[in-house]
Amino acid sequence: MKCDYNKEIKKFNGVYRVQYKMLVKDPYIQTVNDYNHAIYDLHHYIVFQSYSKNEDWYKDKGINQKLILLPKDVHILLHTCTDKFEYKGFKWNELLFCKKITLY
């Protein structure tokens, strides 16, 4: 299944930016044309394929999908899932859902 980010932005009601220890909705990002792709990646809090295949499971547990705009280098590092990861007060598992670590 291929991800259509414009549909995802609508489905999950927008995109978040990371501020220190906070996720803040960015009202200016309504489509993929509203941010610089050379600098930023759009990131799913729950891996797209996992959420797509198990959407009811996540909903039943009250776990919400979020789209988060991240600098490209931060996005790459985030997916290494290392305990050394820290970005604006967030640990990797606070920006990327992990069944083994996240409490639900």
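Just so we're clear, the structure is a prediction, and the values are computed from it rather than from any experiment.

Quick notes on the rules
- Each chain carries its own residue numbering, running from 1 in the direction its sequence is written.
- Local features are withheld for residues below a pLDDT of 70 in this predicted model, meaning they are given only at 70 or higher, and side-chain atom pairs are given and counted only at 80 or more; totals for whole chains, interfaces and linings count all residues.
- Side-chain measures here rest on the full set of heavy atoms in the structure, leaving out hydrogens and waters.
- Two aromatic rings from Phe, Tyr or Trp, using only the six-membered ring of Trp, form a pair when their centres are within 6.5 Å; if the ring planes differ by under 30 degrees the pair is stacked, by over 60 it is edge-to-face, and anything between is tilted.
- Strands here mean DSSP runs of E at least two residues long; helices mean DSSP runs of H or I at least four residues long; both are numbered from the N terminus.
- Between buried and exposed lies partly exposed: a residue is buried under 20% and exposed over 50% of the maximum accessible area for its type, with that area taken using a 1.4 Å probe on protein chains only.
- Two strands pair under a simple rule: DSSP has to find at least two bridges between them.

## Re the packing of aromatic side chains
Argument step 1. This structure, assessed with the given rule, holds 5 aromatic pairs.
Argument step 2. Ring geometry for F12 and Y51: centres 5.5 Å apart, planes at 80 degrees, overall edge-to-face. With F12 in the loop between α1 (5-11) and β1 (15-19) and Y51 in helix α2 (residues 48-53), the pair connects residues that are 39 residues apart, well separated along the chain. For the pair F12 and Y51, one class covers both residues: buried.

## What about the pairing of β1?
Argument step 1. For β1 and strand β2 (residues 22-26), the ladder comprises 5 bridges, and the chain directions are antiparallel. Across the sheet, V18 pairs through a bridge with L23, a residue of β2.
Argument step 2. Linking β1 to β2, which pair antiparallel, is a turn of 2 residues; within it K21 sits at a positive phi near 55 degrees.
Argument step 3. In the sheet, β1 pairs with strand β4 (residues 67-71) via 2 bridges, with the strands oriented parallel. Within β4, the residue paired with R17 across the bridge is L69.

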